[in-house]
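Descriptive analysis of the structure
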Amino acid sequence: SDVYKRQEYMGEKIARKYALEVVDKIPQQPTPAPAQPTTATPQEPSVAVSSPGIEVPGFPPRHPEVEQVVAPTGTQTAPDQRAAPQTIDLGELPHLAFSGKDEHLHDLLRRYLGVPEFDYEHEKRSRERLPVGMAHVLTVAGFVGEVLTVECVFDASHPEKKGAFSASGNLKKVLEESLVVARIVAARFLSQEQINFARERSIHVHFKGASQKDGPSAGVSIATAYLSLLLNKPVPGNIAMTGELSLNGDVCAIGGVQAKVTAAKALEISQIILPYGNLAAYLELPQALMNGMTAYFVRDYKEAFQITFGDSIPATVDLVKDGVHIKATRPVLTQAE
């Protein structure tokens, strides 16, 4: 997954920088005098370098000393004329087999990985609530999952366009239709006064990111961002959602479950809302993906609305917490009902 690839990349980056420090400590040899022409077979230079104090996964174990033997190309050197092996002191290099409790861990990480990058998206997700009119949506680009942000604001730049509902973010036809359906479904959760309020204003929806966006899986997020704006209620920062809406408010199953869950896991999002139709696919995911994750499986948007803006989780919602399926308690309908 993307998480494991990033860990492997960081390990390789540490190993390369450590190896460069080892090479820099090897003294430069004087340039030999031009050799006389000889019919002897040229010998390739041989260099043997090893370093104490380095234990990096995927690399040979450390050796007690560094030896360097160089034979100039094009010369024939008798065994008794070769330079004696040199022992190089690398004592100043750190021992890389440290644990998370190492008091010098922070300094070593800065030394080999550089200054930490400021992740604004991570800082935003760590907030208890997102800004009003904003929601996270789980998407798939090719075979890679992504967590995008849907923003919904009142557009005061065109006061003459009262009641207009526009969108941007390099959207294609299917996603444009999702916007229309999501607005129709969201209107059922508004009072008549709030609907009249929306008619007097222009509302704009924007999907962050320059890549082209399409596909029927963003309806739940669009409706949530739209309602967050009109109800003036923020969405929790550690929750993301996916699922398409029908005109009746049903949440339809989507594709790319594993890619979307992997994206949420990589960004430390701990709660996700998925269609009930994807419950079986979710339970087949590796346990490592489900650990630390709470997934809510909704049948209609009313359940998603209660999870996002309510004070408690509806008893009618199936959820999976750390890979454990907690079934919903649904009332049994009689034949008359």
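Look up a bit, the structure's there.
Notes on the structure follow. None of these values were measured; they are calculated from a predicted model.

Quick look at the nonpolar core now. In terms of nonpolar packing, the biggest core is built from 42 residues, with Phe207, Tyr226, Leu227, Leu245, Ile273 and Tyr301 touching the most fellow members. Looking at this core, the elements that each hand over two or more residues are strand E1 (134–141), strand E2 (144–154), helix H4 (173–186), strand E4 (203–207), helix H6 (219–231), strand E5 (239–241), strand E9 (294–298) and helix H10 (301–309). The contacts of leucine 245, once residues within four sequence positions are left out, are Val181, Ala182, Val185, Gly219, Val220, Ala223, Asp250, Val251 and Tyr301. Counting residues in each nonpolar core, the second largest holds 20 residues, with Val257, Val261, Ile272 and Leu279 among its members.

On to the packing of aromatic side chains, then. Applying the stated criterion to the full structure yields seven aromatic pairs. Measuring from centroid to centroid gives 5.4 Å for phenylalanine 189 and tyrosine 301, while their planes differ by 80°, and the two rings are edge-to-face. Taken together, the residues phenylalanine 189 in the loop between H4 and helix H5 (192–199) and tyrosine 301 in helix H10 connect sequence positions 112 residues apart. Overall, phenylalanine 189 belongs to the partly exposed group, its relative accessible area being 24%. By relative accessible area, which is 1% here, tyrosine 301 ends up buried. An aromatic cluster is present here, built from Phe189, Tyr301, Phe305 and Phe309 joined pairwise through their rings. Across the ring face of tyrosine 276, the terminal group of arginine 299 is positioned such that the distance to the ring centre comes to 3.6 Å.

A large share of E9 lies buried, amounting to five of its five residues. A two-sided burial pattern is seen for E9, the buried positions comprising Thr294, Tyr296 and Val298 on one face and Ala295 and Phe297 on the other. Bridge analysis of strand E8 (residues 271–275) against E9 gives five bridges, and the strand direction is parallel. Bridging across to E9, proline 275 finds its partner in valine 298. As paired strands, E9 and strand E10 (residues 318–321) are joined by four bridges and run antiparallel to one another. Bridging across to E10, threonine 294 finds its partner in lysine 321.

You can see isoleucine 269 is positioned in the loop between helix H7 (257–266) and E8. Sequence separation between isoleucine 269 and isoleucine 239 is 30 residues; the distance between their C-alpha atoms is 6.1 Å.

So, how was this worked out
- Residues numbered from 1 in each chain as written.
- Predicted model: local features only at pLDDT ≥ 70, side-chain atom pairs only at ≥ 80, totals over all residues.
- Heavy atoms only, no water.
- Core = buried A, V, L, I, M, F, W, Y, C linked by side-chain atoms within 4.5 Å.
- Buried < 20%, exposed > 50% of the residue type's maximum accessible area, 1.4 Å probe, protein only.
- Helix = DSSP H or I, 4+ residues; strand = E, 2+ residues; numbered from the N terminus.
- Contact = heavy atoms within 4.5 Å.
- Phe/Tyr/Trp six-rings, centres within 6.5 Å; stacked < 30°, edge-to-face > 60°.
- Lys NZ or Arg CZ within 6 Å of the ring centre and 35° of its normal.
- Pairing = 2+ DSSP bridges.

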